[in-house]
Amino acid sequence: MSLKSKMPLQVWILTLAAFAIGTAEFVIAGILTQVAESLNVSEGQAGHLITAYAMAIVIGGPILTLWLARYRKRIVLIGLMALFVVSNLITAFATDYTTLMISRVMAGLTQGPFYGIGAVVATRLVTKDMEGQAVGQMFAGLTLANVLGVPGGAWIGNMFGWNTTFIVVAMLGAMAAASIAIAIPPQGAEEPKSIRSQIGAFRNPQLLASLLITTLGWVGFMTFYGYIAPIAEQVAGFERVSLTWILVIVGLGLVLGNTLGGKTADKNLRASLIGWPAAMIAALIVVGLVASQPYLFVAAAFVFGVVSFANVPPMQMRVMKHGGNAPELAATANISAFNIANALGGIIGGAVVDSTLGAAYTPFAAIIVPALGLAFIVWQERNPAPAPTNA
């Protein structure tokens, strides 16, 4: 039996790196008040650290990947994790808002390229029939960051100060960098890729359609998940102290969904691209209908976690499939698409929560854009645009 028939250790190492990066991205939300008080800024100003990180992913990620694609992937991954470690150490010892903002942007620049290039490396470490599972396994690190990393980082911050949280995150990044250097083999020599040829991949209508599928299909996730706290408190009637275990339960659903999405993407990518968005829409409807029933709400939210994150591997695989000669750039652009969707979802969810409709209608509002996305996916799969011919 081939050694690649099982998920190799190297993919788990990429999972560790994804966990560290995901924790760095989201943990700021759990220690926001501490950061604001420490630097004598408002919580709104501290919240801009989250926006800056996201914009670094959306804008800086693809640009950095264009430049890095010409180098050996293993060296690039090590270099990105080294920058990640340095950035988080600067964050940990920052004594003013400007320095902290710069360090957060530096850390954000590493995420898109690492996830994009790492996803390509993960597929090369396994057999063809396990590529989707390898991508799902790597992105499980991001979901585990929400289940373990963020609560753990917030606890560390509360016990030892927010600076200590980022020291621990930097240590995780250092462990991942060392493990990549030791365990992941060179990926073989590749001809240098010109920026022009990489950008040329975006002449493929299928790649552009794939990025649009990600953006439209993913908006519903953050529309609901980003505002699960007010729904749980105001509609389901939970005490604030209960939010931690609710998020853990939903987070476990995210992990399970990653695994299922990877397996189904390997078996039938087209069916996965249609089935999982439809399941997410159905789950959101159920969540909205049972939101006033506490335990039914938690059960429905868990199912939502499963079916929502089951979308991640198929969406990423479709983009990489149509990435042509620039799979790393395409995969990184898809990370940007996810973050654009997160931003749109946050805007939609916030508008509903603050309106006269209130938090109870957030799950229903969350289905609108994904429903458009599902219609586009079905239409696209039935009427695929032809790939461009080489000049």
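Here is a short report on the structure shown in this document. (Residues numbered from 1 in each chain as written. Predicted model: local features only at pLDDT ≥ 70, side-chain atom pairs only at ≥ 80, totals over all residues. Heavy atoms only, no water.)

Another point: the overall build of the protein. In terms of regular secondary structure, the protein is built from 17 helices and zero strands. For 391 residues, the compact-globule estimate of 2.2 N^0.38 gives 21 Å, and the protein sits close to it at 20 Å. Taken over the C-alpha atoms alone, the protein extends approximately 60 × 50 × 40 Å along its principal axes. When burial is assessed residue by residue, the protein has 56% of its 391 residues classed as buried. For the protein, restricting intrachain contacts to residue pairs at least 6 apart in sequence, the fraction spanning at least 24 positions comes to 84%. (Helix = DSSP H or I, 4+ residues; strand = E, 2+ residues; numbered from the N terminus. Rg over C-alpha atoms; globule rule 2.2 N^0.38 Å. Buried < 20%, exposed > 50% of the residue type's maximum accessible area, 1.4 Å probe, protein only. Contact = heavy atoms within 4.5 Å.)

Between helix H12 (residues 269-290) and helix H17 (residues 368-382), whose axes approach to 10 Å, the crossing angle comes to 160°. As summarised for this structure, H12 and H17 are arranged roughly antiparallel, according to the angle between their axes. The chirality of how H12 crosses H17 is left-handed. Of the residues in H17, those in contact with Arg270, Leu273, Ile274, Pro277, Ala278, Met280 and Ile281 of H12 are Pro370, Ala371, Leu374, Ile377, Val378, Glu381 and Arg382. Split by residue class, the contact of H12 with H17 holds 11 nonpolar, no polar and three charged. (Axes fitted to C-alpha atoms, helices over the stretch in contact; angles between N-to-C directions. Parallel < 35°, antiparallel > 145°, perpendicular 65-115°, else oblique. Left-handed = near helix turned anticlockwise from the far one by under 90°. Nonpolar A, V, L, I, M, F, W, Y, C, P; charged D, E, K, R; others polar.)

Here Gln316 lies in helix H14 (residues 312-321). Every residue in contact with Gln316, bar those within four places of it in the chain, is listed here: Tyr115, Ala119, Val135, Phe139, Ala331, Asn334, Ile335 and Phe338.

With that out of the way, let us pick up the packing of aromatic side chains. Counted according to the given criterion, the structure contains 14 aromatic pairs. Grouping aromatic residues by their ring pairs yields a cluster made of Trp218, Phe221, Phe224, Tyr225, Phe297, Phe304, Phe309 and Phe338. (Phe/Tyr/Trp six-rings, centres within 6.5 Å; stacked < 30°, edge-to-face > 60°.)

Another aspect to go through is the nonpolar core. Counting residues in hydrophobic clusters, the biggest one holds 93 residues, and the most contacted among them are Leu14, Met81, Phe114, Tyr115, Phe224, Phe297 and Phe304. In this structure, Phe114 is in contact with Leu14, Ala17, Ala18, Ile21, Leu77, Leu80, Met81, Ala119, Met138 and Ile180, ignoring residues within four places of it in sequence. With 16 residues, the next largest nonpolar core counts Ile28, Val35, Ala36 and Phe166 among its residues. (Core = buried A, V, L, I, M, F, W, Y, C linked by side-chain atoms within 4.5 Å.)

What follows deals with the side chain of Asn258. Among the secondary structure elements, Asn258 is positioned in helix H11 (residues 243-267). Apart from residues lying up to four places away in sequence, Asn258 is in contact with Gly136, Phe139, Ala140, Thr143, Phe309, Ala310, Val312 and Pro313.

What follows concerns helix H10 (residues 228-235). Given 3.6 residues per turn, any residue in an α-helix points the same way as the ones three and four places further on. Among the residues making up H10, those that are buried are Ile228, Pro230, Ile231 and Ala232. In this fold, the buried residues of H10 make contact with helix H9 (205-225), H11, helix H13 (294-309) and helix H16 (362-365). A positive backbone phi angle near 85° is found at Gly237, which sits one or two residues after H10.

A cluster of nonpolar side chains, Met55, Ile59 and Ile63, forms an exposed patch at the surface whose accessible area comes to about 300 Å². Inspection of the secondary structure assignment puts Ile63 in helix H3 (residues 43-68). Ile63 gets classed as exposed once you look at its relative accessible area, which sits at 55%. (Patch = residues over 30% accessible without salt bridge, like charges linked within 9 Å, V, L, I, M, F, W, Y side chains within 5 Å. Areas by Shrake-Rupley, 256 points an atom, 1.4 Å probe, with all protein chains shown as cover. Salt bridge = Lys/Arg side-chain N within 4 Å of Asp/Glu carboxyl O.)

A word on the packing of H9 against H13. At a minimum axis distance of 11 Å, the contact between H9 and H13 shows a crossing angle of 150°. The angle between the axes of H9 and H13 places the two elements in the roughly antiparallel class. The handedness of the crossing between H9 and H13 is left-handed. Packed against H9, whose contacting residues are Trp218, Gly220, Phe221, Phe224 and Tyr225, the element H13 presents Phe297, Ala301, Phe304, Ser308 and Phe309 at the interface. Along the lines of polarity and charge, the residues of the contact of H9 with H13 split into eight nonpolar, two polar and no charged.

Taking 1.5 Å of rise per residue, 28 residues should cover 40 Å, and helix H15 (residues 327-354) covers 40 Å from first to last C-alpha, within 8% of that figure. Among the 28 residues that make up H15, 20 are buried, leaving the element largely enclosed by the rest of the structure. (Expected span 1.5 Å × (residues − 1).)

All right, on to unusual backbone geometry then. Even without a glycine there, the phi angle at Asn40 is positive, about 55°. Looking at the element boundaries, Asn40 is found in the loop between helix H2 (32-39) and H3. Classification of Asn40 as exposed rests on a relative accessible area of 72%.

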